Amino acid sequence: MSTLKEIAQELKVAKEKIILVYAFNATGKTRLSVEYKNITKNPDDGSHTGVYYNAFSEDLFVWDNDEEHDNANIKLDVVLSSLNQFHSLLLDTEILEETLALYHPRYKFNLNLYEDADREKGIHSVTFYLDDENNNPIKISRGEERIFIWCFFVALFETDSWTGGQDAHFFIDDPVSSMDDHNIFLTAESITKLIDDTFPKKQIIVTTHHIGLFSILFDRLSKGEKSDKYKKNSKFFMLKKQKNELELKPFNKEVFLFHLHLLQVLSEAKNSGELYTFHFVLLRQLLENITSFIGTSQITLLLQEIKVEKPEDTILMINSLSHTRVFTPQISEMNEEQVKVFSEVFDKLLIKYNFKF
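Note that residues are indexed from 1 along each chain, following the sequence as it is written. Note on the predicted model: pLDDT of at least 70 is required for a residue's local features to be given, and 80 or more for side-chain atom pairs to be given and counted; whole-chain, interface and lining totals, by contrast, use all residues. The basis for every side-chain value is the complete set of non-hydrogen atoms in the structure, without hydrogens or water.

Numbering of helices and strands runs from the N terminus; a helix is a DSSP stretch of H or I covering at least four residues, while a strand is a stretch of E covering at least two. Each helix and strand in the chain was counted, giving 13 helices and 11 strands. Two things to know: the radius of gyration comes from C-alpha atoms, and the globule rule equals 2.2 Å times the number of residues to the power 0.38. Against the globule reference of 21 Å for 357 residues, the chain gives a C-alpha radius of gyration of 22 Å, in line with a compact fold. For the chain, the spread of C-alpha atoms along the three principal axes comes to 70 × 50 × 40 Å. Per-residue burial for the chain yields a buried fraction of 50% across its 357 residues. A sequence separation of at least 24 residues applies to 70% of the contacts in the chain between residues at least 6 apart. The accessible surface values rely on the Shrake-Rupley method and a 1.4 Å probe; as for residues, cover is taken only from the protein chains in view. When the accessible surface of the chain is split by element, carbon and sulfur atoms take 48% of a total near 17,900 Å². Note that His is not counted, nor are the chain ends; the positive residues are Lys and Arg, and the negative ones are Asp and Glu. In this description, the location of a charge corresponds to atom NZ of lysine, CZ of arginine, CG of aspartate or CD of glutamate. The centroid of the 40 positive side-chain charges in the chain is displaced by 8 Å from the centroid of its 55 negative side-chain charges. Three exposure classes are used, based on accessible area relative to the maximum for each residue type with a 1.4 Å probe and protein chains only: buried under 20%, partly exposed in between, and exposed over 50%. Contacts: residue pairs with any heavy atoms within 4.5 Å of one another.

Let's shift gears to a negative patch on the surface. Patches draw on residues past 30% relative accessible area with no salt bridge. Two like charges within 9 Å are joined, as are two nonpolar side chains (Val, Leu, Ile, Met, Phe, Trp, Tyr) within 5 Å. Each salt bridge in this description consists of a side-chain nitrogen of Lys or Arg and a carboxyl oxygen of Asp or Glu lying within 4 Å of one another. The grouping of D92, E94, E97 and E98 at the surface amounts to a negative patch. Mapping E98 onto the fold places it in helix α4 (residues 94-101).

Note that N183 resides in helix α6 (residues 181-198). Judged by its relative accessible area of 14%, N183 is buried. In this view, N183 contacts Y103 and I147; residues no more than four positions away in its chain are not counted.

Another point: the nonpolar core. Counting residues in hydrophobic clusters, the biggest one holds 91 residues, and the most contacted among them are F128, F148, F152, F153, F280 and L287. Counting residues per element, this core draws most heavily on helix α5 (residues 142-158), at 11 residues. Once residues lying within four places of it in the same chain are set aside, the contact partners of F153 are Y52, Y53, S57, L60, F61 and L83. Throughout this description, the term nonpolar core refers to a set of buried Ala, Val, Leu, Ile, Met, Phe, Trp, Tyr and Cys residues connected via side-chain atoms within 4.5 Å.

On to helix α10 (residues 279-294), then. Its 16 residues give α10 an end-to-end C-alpha distance of 23 Å, which sits within 8% of 22 Å, the value for a rise of 1.5 Å per residue. Every buried residue belonging to α10 is among H279, F280, V281, L282, L283, R284, Q285, L286, L287, I290 and T291, and all of these are buried. Once α10 finishes, G295 follows within two positions and takes phi at roughly 80°, a positive value. Every helix has an expected span of 1.5 Å times one less than the residues it contains.

Any two strands with at least two DSSP-identified bridges between them are counted as paired. One open sheet accounts for 6 strands, arranged β2-β8-β9-β1-β10-β11; its pairing is mixed. In the strand order of this sheet, the two ends are held by β2 (50-53) and β11 (245-250), each with one partner. On average, each strand axis in the sheet is tilted by 15° relative to the strand beside it, whichever way the strands run. As paired elements, strand β1 (residues 18-22) and strand β9 (residues 203-208) share 5 bridges and run parallel to each other. Among the inter-strand pairings, I19 is bridged to a residue of β9, identified as I205. Helix axes are fitted to C-alpha atoms over the stretch in contact, other axes to C-alpha atoms as well, and angles between N-to-C directions run from 0 to 180 degrees.

Glancing now at the side chain of S234. For S234, the position within the fold is in strand β10 (residues 234-242). Within 3.5 Å is the distance limit for a polar contact, defined as a pair of N or O atoms, with the added protein rule that one can donate a hydrogen and the other accept it, and that residues adjacent in sequence qualify only through two side-chain atoms. Separated by 2.8 Å, the side chain of S234 and the backbone oxygen of Y230 make a polar contact. In this structure, S234 is in contact with E16, I18 and L221, ignoring residues within four places of it in sequence.

Moving on: the environment of I95. Looking at where I95 falls in the secondary structure, it is placed in helix α4. The exposure class assigned to I95 is partly exposed, which follows from its relative accessible area of 28%. It is 5.7 Å that separates the C-alpha atoms of I95 and A155, two residues lying 60 residues apart in sequence.

Take the packing of aromatic side chains next. Aromatic rings considered in pairs are described by the distance between their centres and by the relative angle of their planes. Aromatic pairing here means that ring centres of Phe, Tyr or Trp (its six-membered ring) are within 6.5 Å. Orientation follows from the plane angle: under 30 degrees is stacked, over 60 is edge-to-face, and everything else is tilted. Inspection of the entire model under this criterion finds 19 aromatic pairs. Ring plane angle 80° and centroid distance 5.9 Å describe the contact between F280 and F342, whose orientation is recorded as edge-to-face. Taken as a pair, F280 in helix α10 and F342 in helix α13 (residues 336-353) lie far apart in primary sequence, 62 residues in all. The same class applies to F280 as to F342, namely buried. The interplanar angle of 15° and the centroid separation of 6.0 Å between the aromatic rings of F342 and F346 together place this pair among those described as stacked. Residue F342 and its partner F346 are both found in helix α13; the two are separated by 4 residues, about one turn of the helix. Note on criteria: charge over ring means Lys NZ or Arg CZ within 6 Å of the ring centre, with the direction from the centre no more than 35 degrees off the ring normal. Stacked on the ring of Y114, the Lys or Arg K121 has its end atom at 5.6 Å from the ring centre.

Coordinates in, geometry out; function isn't part of it.
Structure (structure tokens):
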């Protein structure tokens, strides 16, 4: 077992140019990216040696709703940061538009620059509008916003103009949160293109909780048509958490079955008596996978199928302990009632479907 700093050190000394890490939500992926940033800083001046996309990247973009003018000039402000010095690379918007086009956006955009005296500061905001004759500023949805920010960073990465101290690596942490399956596939495409464009000049580290994204990238890097180019210079890991300790395990299997891994993790937790409220997140993920596979539209119907005593009450507890806390670390132990509900659902799943793992 290791600390986050020790895990970051393991990644730092890895010789491979492509590193892919799978971990459940709340394992510490974002904090790992921060730890990696800290231990790879230039020892002379503390400057960054790489570029990062993580949850903090989204914090650099804040909506100005222009309430006092009835949203007449609504825009997405870009917080001033060390990245602004590279914004000039995006002034020709072709790269950003090409990256964004993959997602078929319903809007157009303008990049708003600082005044001439401060032009070196780059972009201070982004205005969005529909492709019509009015061109009135609009507010895009949360999902569209996340996609735009991701494409903004990818476009910066793809300019290939990083010079000086920040050209050693790209660290990409969970770019697919809140995306639907189609957009997750498209994001896998954009990461694949980024790898194609930068390999082997820069190291790329990707961490994700999403089995679809992990599986697509793993398959392409290890077995895809270009795998001969990448697989000897790629490393795959699974980041596992037990209480507050972590383990970075090499991942080399040919096939990765998510539901079997979930079953194994939940079984180990139940058998050890170390059940935490976060395990309801994993239980829900397992139930969603099973309902999708057997064609049941609702988890409640699945609970009825496996003969859970109070399916309606059970799904309410599962929802309250998972949906609202998916992205929050949960290390509190389950209480007696929660253990009872968890155990009933898990045991009856094993009996009904005779899972072997």
